[in-house]
Amino acid sequence: MESFRGRFTNKIDAKGRVSVPAKFRAIVIAQGLNGIICSPSFKGAYLEAGGPAYGAMLDQAINRLGMFTDAHDNLAAALYGESHDLSLDGDGRIVLPEELRAHAKITDEATFVGFGARFLIWEPKAYDAFRANALGDAKSLGDLLQPANAVTPPSPAGGGL
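About the criteria used
- Residues numbered from 1 in each chain as written.
- Predicted model: local features only at pLDDT ≥ 70, side-chain atom pairs only at ≥ 80, totals over all residues.
- Heavy atoms only, no water.
- Axes fitted to C-alpha atoms, helices over the stretch in contact; angles between N-to-C directions.
- Helix = DSSP H or I, 4+ residues; strand = E, 2+ residues; numbered from the N terminus.
- Parallel < 35°, antiparallel > 145°, perpendicular 65-115°, else oblique.
- Left-handed = near helix turned anticlockwise from the far one by under 90°.
- Contact = heavy atoms within 4.5 Å.
- Nonpolar A, V, L, I, M, F, W, Y, C, P; charged D, E, K, R; others polar.
- Buried < 20%, exposed > 50% of the residue type's maximum accessible area, 1.4 Å probe, protein only.
- Lys, Arg positive; Asp, Glu negative; His and termini not counted.
- Salt bridge = Lys/Arg side-chain N within 4 Å of Asp/Glu carboxyl O.
- Polar contact = N/O pair within 3.5 Å; in protein donor to acceptor, adjacent residues only side chain to side chain.

Caption draft 1: Representation of the packing of helix H2 (residues 52-63) against helix H3 (residues 70-81) within the structure. Their axes nearest at 10 Å, the elements H2 and H3 cross at an angle of 165 degrees. Judged by the inter-axis angle, H2 sits roughly antiparallel to H3. Judged by the twist between their axes, the crossing of H2 over H3 is left-handed. Every residue of H3 that contacts H2 at Leu58, Asp59 and Ile62 is listed here: His72, Leu75, Ala76, Leu79 and Tyr80. Taken together, the residues of the contact of H2 with H3 sort by class into 6 nonpolar, 1 polar and 1 charged.

In C-alpha coordinates form, the structure reads like this:
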(Lines give C-alpha, C1' and ligand atoms only; values in the text may rest on other atoms or scores of the structure.)
Protein backbone atom coordinates (compact mmCIF):
# COMPACT_ATOMS: atom_id res chain seq x y z
CA MET A 1 0.00 0.00 0.00
CA GLU A 2 1.36 3.41 -0.94
CA SER A 3 1.75 5.88 1.93
CA PHE A 4 0.35 9.38 2.15
CA ARG A 5 3.39 11.65 2.33
CA GLY A 6 3.99 15.36 2.13
CA ARG A 7 2.33 18.58 3.22
CA PHE A 8 0.09 20.78 1.08
CA THR A 9 -1.97 23.88 1.87
CA ASN A 10 -4.96 24.65 -0.34
CA LYS A 11 -7.58 27.40 -0.35
CA ILE A 12 -11.22 26.73 0.48
CA ASP A 13 -13.83 28.50 -1.61
CA ALA A 14 -17.08 30.08 -0.41
CA LYS A 15 -18.95 26.78 -0.95
CA GLY A 16 -16.51 24.86 1.27
CA ARG A 17 -14.74 23.16 -1.64
CA VAL A 18 -11.04 22.37 -1.36
CA SER A 19 -8.70 20.48 -3.67
CA VAL A 20 -7.35 17.24 -2.30
CA PRO A 21 -3.63 17.09 -3.21
CA ALA A 22 -3.09 15.19 -6.47
CA LYS A 23 -0.73 12.70 -4.75
CA PHE A 24 -3.40 11.89 -2.18
CA ARG A 25 -6.16 11.64 -4.80
CA ALA A 26 -4.07 9.17 -6.79
CA ILE A 27 -3.74 6.90 -3.76
CA VAL A 28 -7.44 6.80 -2.87
CA ILE A 29 -8.45 6.36 -6.50
CA ALA A 30 -5.95 3.49 -6.85
CA GLN A 31 -7.67 1.92 -3.82
CA GLY A 32 -10.98 2.08 -5.69
CA LEU A 33 -12.65 5.15 -4.19
CA ASN A 34 -13.39 8.42 -5.97
CA GLY A 35 -13.38 10.31 -2.70
CA ILE A 36 -12.13 10.19 0.86
CA ILE A 37 -13.30 8.95 4.24
CA CYS A 38 -13.02 11.88 6.66
CA SER A 39 -13.81 12.33 10.35
CA PRO A 40 -13.08 14.74 13.16
CA SER A 41 -10.18 13.54 15.27
CA PHE A 42 -11.09 12.71 18.83
CA LYS A 43 -7.47 13.56 19.75
CA GLY A 44 -7.49 17.21 18.71
CA ALA A 45 -8.76 20.00 16.46
CA TYR A 46 -7.96 18.40 13.11
CA LEU A 47 -9.49 15.91 10.69
CA GLU A 48 -8.38 12.36 9.89
CA ALA A 49 -8.87 11.04 6.37
CA GLY A 50 -7.91 8.35 3.91
CA GLY A 51 -9.17 5.84 1.41
CA PRO A 52 -10.55 2.31 1.62
CA ALA A 53 -7.30 0.92 3.08
CA TYR A 54 -7.59 3.41 5.95
CA GLY A 55 -11.24 2.45 6.39
CA ALA A 56 -10.26 -1.23 6.55
CA MET A 57 -7.66 -0.45 9.22
CA LEU A 58 -10.35 1.27 11.29
CA ASP A 59 -12.62 -1.74 10.84
CA GLN A 60 -9.88 -4.11 12.03
CA ALA A 61 -9.08 -1.97 15.08
CA ILE A 62 -12.72 -1.72 16.13
CA ASN A 63 -13.48 -5.38 15.39
CA ARG A 64 -10.67 -6.50 17.72
CA LEU A 65 -12.80 -5.18 20.57
CA GLY A 66 -15.73 -7.16 21.89
CA MET A 67 -18.81 -6.13 19.95
CA PHE A 68 -20.83 -5.32 23.06
CA THR A 69 -18.10 -3.62 25.09
CA ASP A 70 -18.04 0.05 26.00
CA ALA A 71 -14.64 0.41 24.28
CA HIS A 72 -16.09 -0.91 21.00
CA ASP A 73 -19.13 1.36 21.22
CA ASN A 74 -17.10 4.45 22.10
CA LEU A 75 -14.63 3.96 19.26
CA ALA A 76 -17.39 3.08 16.80
CA ALA A 77 -19.26 6.26 17.74
CA ALA A 78 -16.13 8.39 17.37
CA LEU A 79 -14.81 6.78 14.18
CA TYR A 80 -17.92 5.61 12.31
CA GLY A 81 -20.66 7.82 13.63
CA GLU A 82 -18.82 11.06 12.95
CA SER A 83 -17.24 10.13 9.62
CA HIS A 84 -18.20 11.44 6.19
CA ASP A 85 -17.71 9.93 2.75
CA LEU A 86 -16.66 12.91 0.64
CA SER A 87 -16.76 12.50 -3.15
CA LEU A 88 -14.20 14.07 -5.44
CA ASP A 89 -15.62 16.32 -8.15
CA GLY A 90 -14.19 16.57 -11.67
CA ASP A 91 -11.58 19.07 -10.48
CA GLY A 92 -10.34 16.88 -7.60
CA ARG A 93 -12.17 18.85 -4.92
CA ILE A 94 -14.27 17.75 -1.97
CA VAL A 95 -16.88 19.77 -0.15
CA LEU A 96 -15.68 19.94 3.43
CA PRO A 97 -18.87 20.06 5.55
CA GLU A 98 -19.27 22.96 7.97
CA GLU A 99 -19.35 20.49 10.88
CA LEU A 100 -15.87 19.23 10.00
CA ARG A 101 -14.51 22.71 9.29
CA ALA A 102 -15.81 23.90 12.66
CA HIS A 103 -14.17 21.00 14.51
CA ALA A 104 -10.78 21.79 12.95
CA LYS A 105 -11.30 25.58 13.05
CA ILE A 106 -10.65 25.65 9.29
CA THR A 107 -11.78 28.80 7.50
CA ASP A 108 -10.12 29.84 4.25
CA GLU A 109 -7.23 27.33 3.93
CA ALA A 110 -6.59 23.71 4.85
CA THR A 111 -3.26 21.96 5.29
CA PHE A 112 -3.17 18.31 4.22
CA VAL A 113 -0.42 16.28 5.91
CA GLY A 114 0.54 12.72 5.00
CA PHE A 115 0.64 10.31 7.93
CA GLY A 116 1.35 7.01 6.21
CA ALA A 117 -1.89 5.03 5.97
CA ARG A 118 -3.96 8.18 6.53
CA PHE A 119 -3.65 11.92 6.17
CA LEU A 120 -4.67 14.75 8.46
CA ILE A 121 -6.35 18.03 7.55
CA TRP A 122 -5.47 21.02 9.72
CA GLU A 123 -6.00 24.74 10.00
CA PRO A 124 -2.56 25.89 8.76
CA LYS A 125 -1.41 27.80 11.86
CA ALA A 126 -2.57 24.98 14.15
CA TYR A 127 -0.53 22.52 12.09
CA ASP A 128 2.52 24.80 12.26
CA ALA A 129 2.29 24.74 16.08
CA PHE A 130 1.83 20.95 16.13
CA ARG A 131 4.74 20.52 13.69
CA ALA A 132 7.12 22.60 15.81
CA ASN A 133 6.38 20.45 18.88
CA ALA A 134 6.50 17.20 16.89
CA LEU A 135 9.88 17.99 15.36
CA GLY A 136 11.28 18.85 18.77
CA ASP A 137 9.96 15.59 20.24
CA ALA A 138 11.15 13.57 17.22
CA LYS A 139 14.78 14.43 17.97
CA SER A 140 14.63 12.25 21.06
CA LEU A 141 13.02 9.36 19.16
CA GLY A 142 15.68 8.79 16.50
CA ASP A 143 16.91 5.58 18.11
CA LEU A 144 13.49 4.00 17.48
CA LEU A 145 14.28 4.09 13.75
CA GLN A 146 17.30 1.80 14.13
CA PRO A 147 16.90 -1.84 13.07
CA ALA A 148 16.80 -4.17 16.09
CA ASN A 149 20.24 -5.61 15.31
CA ALA A 150 21.97 -2.31 14.45
CA VAL A 151 24.93 -1.09 16.45
CA THR A 152 24.59 2.57 17.34
CA PRO A 153 27.87 4.48 16.92
CA PRO A 154 28.93 6.72 19.79
CA SER A 155 27.61 10.27 19.64
CA PRO A 156 30.09 12.97 18.61
CA ALA A 157 31.28 15.35 21.31
CA GLY A 158 28.52 17.83 22.00
CA GLY A 159 25.77 15.30 21.16
CA GLY A 160 22.66 16.38 19.37
CA LEU A 161 20.90 15.02 16.38
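From this point, the narrative continues.
Caption draft 2: Structural context of the side chain of glutamate 123. With respect to the element layout, glutamate 123 can be found in the loop between strand E8 (118-122) and helix H5 (124-138). Lacking a salt bridge, the buried glutamate 123 has lysine 125 as its closest oppositely charged neighbour, with an N-O distance of 5.3 Å. Of the polar contacts made by the side chain of glutamate 123, one reaches the backbone nitrogen of alanine 126; its length is 2.8 Å.

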